[in-house]
Amino acid sequence: MRSKIPSFIMIPSLLSVITFMFYVFCVSYNHISYLVHPITIFFFIIITALLYVLESINHLIFIKKLQFLSKEEKKKILEENEGNYFYRFYRFIFYESKKMNYDGVKKIDHGFDGIIELDNKLPMWWVHLFYITIVFSAIYFFSYLLIDFSDPYKEYNIAYKNQLKEIEIFEKNTPQVTVENAFFKKGLINSGKILFEENCATCHKSDGSGNIGPNLTDDYWINVKEKDLFKNIFSVIWNGSDNNPTMRAFGKSGEIKGNDIEKISSYVYFINKQSKKPLTGKVPQGVRITNKMESEINYT
Ligand code: HEC
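Structural notes, computed from the coordinates. The structure displayed is predicted, hence computed values, not measured ones.

**Section: the site of the ligand**
And then number 1: Around the ligand lies a shell of 23 residues, among which Cys 200, Cys 203, His 204, Ser 241 and Met 247 are the nearest.
And then number 2: A distance of 2.5 Å separates an oxygen atom of the ligand from a polar side-chain atom of Ser 241.
And then number 3: When atoms are counted within 2 Å of each cavity's grid points, the one that captures over half of the ligand is the largest pocket.
And then number 4: Breaking the shell around the ligand down by element, the ones donating at least two residues are helix H7 (189-199), helix H8 (201-204), strand S3 (220-221) and helix H9 (229-239).
And then number 5: The residue makeup of the shell around the ligand, split by class, is 15 nonpolar, eight polar and no charged.

**With respect to the coordination of the iron atom of the ligand**
And then number 1: At 2.0 to 2.1 Å from the iron atom of the ligand lie its protein donor atoms, namely His 204 (NE2) and Met 247 (SD).
And then number 2: Relative to the metal, the six donor atoms surrounding the iron atom of the ligand lie at angles of 86 to 179°, and the coordination shape comes out octahedral. With His 204 in helix H8 and Met 247 in the loop between H9 and helix H10 (258-273), this residue pair connects regions lying 43 residues apart in the sequence.
And then number 3: For His 204, a relative accessible area of 9% translates into the label buried.

**Topic: the layout of surface pockets**
To find leftover empty space, one rolls a probe the size of a water molecule over the atoms.
And then number 1: Reported here for the largest pocket is a volume of approximately 560 Å³.
And then number 2: Lining the largest pocket are 30 residues, and of these His 204, Gly 213, Pro 214, Val 236 and Met 247 lie nearest its centre.
And then number 3: Every element with two or more residues in the lining of the largest pocket is listed here: H7, H8, S3, H9 and H10.
And then number 4: By residue class, the composition of the lining of the largest pocket is 17 nonpolar, 11 polar and two charged.

**Quick word on the packing of H9 against H10**
And then number 1: Interhelical geometry of H9 versus H10 gives an angle of 130° and a closest axis separation of 9 Å. The orientation of H9 with respect to H10, classified from their angle, is oblique. Crossing geometry of H9 relative to H10 is assigned as right-handed. Contacts from Leu 229, Phe 230, Ile 233, Phe 234, Ile 237 and Trp 238 of H9 reach H10 at Gly 258, Ile 261, Glu 262, Ile 264, Ser 265, Ser 266, Val 268, Tyr 269, Asn 272 and Lys 273.
And then number 2: Here the contact of H9 with H10 is built from residues that sort into 10 nonpolar, four polar and two charged.

**Some thoughts on the packing of aromatic side chains**
And then number 1: Tallied over the full model, the rule gives 10 aromatic pairs.
And then number 2: Here Trp 126 and Phe 130 contribute two aromatic rings whose centre-to-centre distance is 5.8 Å and whose plane-to-plane angle is 15°, an arrangement assigned as stacked. With a gap of four residues between them, Trp 126 and Phe 130 both fall in helix H5 (residues 124-146), about one helical turn apart.
And then number 3: Among the residues examined, Trp 126 registers a relative accessible area of 39% and is labelled partly exposed.
And then number 4: Cluster of aromatic residues (ring-pair linked, three or more members): Trp 126, Phe 130 and Tyr 131.

**What to know about the pattern of salt bridges**
And then number 1: Under the defined criterion, the tally for this structure stands at seven salt bridges.
And then number 2: For Asp 242, the salt bridge is made with Lys 225, and the minimal N-O distance between the two is 2.7 Å. Residue Asp 242 is found in the loop between H9 and H10, and its partner Lys 225 is found in the loop between S3 and H9; the two are separated by 17 residues along the sequence.
And then number 3: Look at Asp 242 and you get exposed, because its relative accessible area is 60%.

**Things to note about H10**
And then number 1: The terminal C-alpha atoms of H10, which comprises 16 residues, lie 22 Å apart, in line with the 22 Å expected from a rise of 1.5 Å per residue.
And then number 2: The element H10 is largely enclosed, with a buried count of 12 among its 16 residues.
And then number 3: The elements touched by buried residues of H10 are H7, S3 and H9.

**Re the pairing of strand S2 (residues 116-119)**
And then number 1: Judged from the four bridges that link them, strand S1 (residues 106-109) and S2 form a sheet pairing that is antiparallel. When the bridges of S2 are listed, Lys 106 appears paired with Asp 119.
And then number 2: Between the antiparallel neighbours S1 and S2 lie six residues, among them Gly 111 with a positive phi of about 85°.

**Brief notes about unusual backbone geometry**
And then number 1: One non-glycine residue with positive phi stands out, namely Lys 205, at about 70°.
And then number 2: Mapped onto the secondary structure, Lys 205 falls in the loop between H8 and S3.

**Here's the deal with the packing of H7 against H10**
A pair of packed helices is captured by two measures, namely the crossing angle of their axes and the spacing between those axes.
And then number 1: Packing of H7 against H10 leaves a shortest axis separation of 7 Å and a crossing angle of 100°. Taken together, the axes of H7 and H10 lie roughly perpendicular to each other. The segment H7 lies against H10, with Ile 189, Ser 191, Gly 192, Lys 193, Leu 195 and Phe 196 engaging Asp 260, Lys 263, Ile 264, Ser 266, Tyr 267, Val 268 and Phe 270.
And then number 2: Taken together, the residues that form the contact of H7 with H10 break down as seven nonpolar, three polar and three charged.

Conventions adopted
Residues numbered from 1 in each chain as written. Predicted model: local features only at pLDDT ≥ 70, side-chain atom pairs only at ≥ 80, totals over all residues. Heavy atoms only, no water. Near = heavy atom within 4 Å. Polar contact = N/O pair within 3.5 Å; in protein donor to acceptor, adjacent residues only side chain to side chain. 1 Å grid on protein atoms, 1.4 Å probe; cavity = no way out; pocket = protein on both sides within 12 Å on 5 of 7 lines; lining within 4 Å. Sits in = over half its atoms within 2 Å of the grid points. Helix = DSSP H or I, 4+ residues; strand = E, 2+ residues; numbered from the N terminus. Nonpolar A, V, L, I, M, F, W, Y, C, P; charged D, E, K, R; others polar. Donors = N, O, S within 2.8 Å, 3.2 Å for Na, K, Ca; no water. Tetrahedral: all angles 85-135°; square planar, octahedral: opposite > 155°, others 65-115°. Buried < 20%, exposed > 50% of the residue type's maximum accessible area, 1.4 Å probe, protein only. Points joined across faces, edges and corners; volume = space filled by probe spheres on them. Axes fitted to C-alpha atoms, helices over the stretch in contact; angles between N-to-C directions. Parallel < 35°, antiparallel > 145°, perpendicular 65-115°, else oblique. Left-handed = near helix turned anticlockwise from the far one by under 90°. Contact = heavy atoms within 4.5 Å. Phe/Tyr/Trp six-rings, centres within 6.5 Å; stacked < 30°, edge-to-face > 60°. Salt bridge = Lys/Arg side-chain N within 4 Å of Asp/Glu carboxyl O. Expected span 1.5 Å × (residues − 1). Pairing = 2+ DSSP bridges.

Below, the structure written as structure tokens:
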């Protein structure tokens, strides 16, 4: 019997099946780019050409065969092949179910309760769907057993490692700010607050009013290294305190990156400059500095 599927349908669908199998069995999912590799494309072109040749040969054989058949058989076969492909496809899928009528259907008598069951044929589209699910589950079953494909734990691990790698590359390529080029930025206050609460609040309280460490919201400073208030804050966080190692060098030791210190410094500068101060705070320590350390950027 001649294949009913024309090449323009068969070739793309076969190719997609091959691609799918190739993807499942040969390519780990973080190397999908191999699918557009020249060799893959070449492979697909060869397969397409081969399929086309096979299809043409098949067609030739069909025509030759027709000559040897009796008129009746010829008529029957031509009838089967009449109409365009889509009409035949439609018939192929629905014909069986359409033909169904209750007279022609086998009846199963269960006997004891008088109920008769109609043994209908399943509609063809349903049967085909069922076969597809079997093929699909077989592919999944073996790929799950044999290779990494569709294993959620492995997929998670790979994704996680890729993420870490990306972060590493990102950090390498983004230069961190230093005391020289750090500036107070309003937009950094909120993220600085979060970092402050994580790293500094144990000693300075989350509102900066002081605990083990001094009050950061008053005008008194123990450590004065820079002329500019914001830079002084940055410098203390980067270098730590010379006279008290409890305030360690967060930046120098690599514990906190320059960009994050800029955020934290922006927050500390903000709570120091804003007029709303915490109701209670640690008693002032160090020297009072107001005008001398006025920041270049006027905060209003
Ligand atoms: C383990 C406790 C501790 C932690 C954590 C800590 N500090 Fe300190 N901090 C101190 C102490 C103690 C001092 C006082 C140092 C001195 O006497 O020179 C200080 C001083 C400071 C000063 C200078 C204050 C002044 O008057 O000179 C700043 C600014 C500061 N800390 C900010 C921070 C920030 C921002 C963080 C979080 C990244 C932080 N500190 C984390 C204990 C701590």
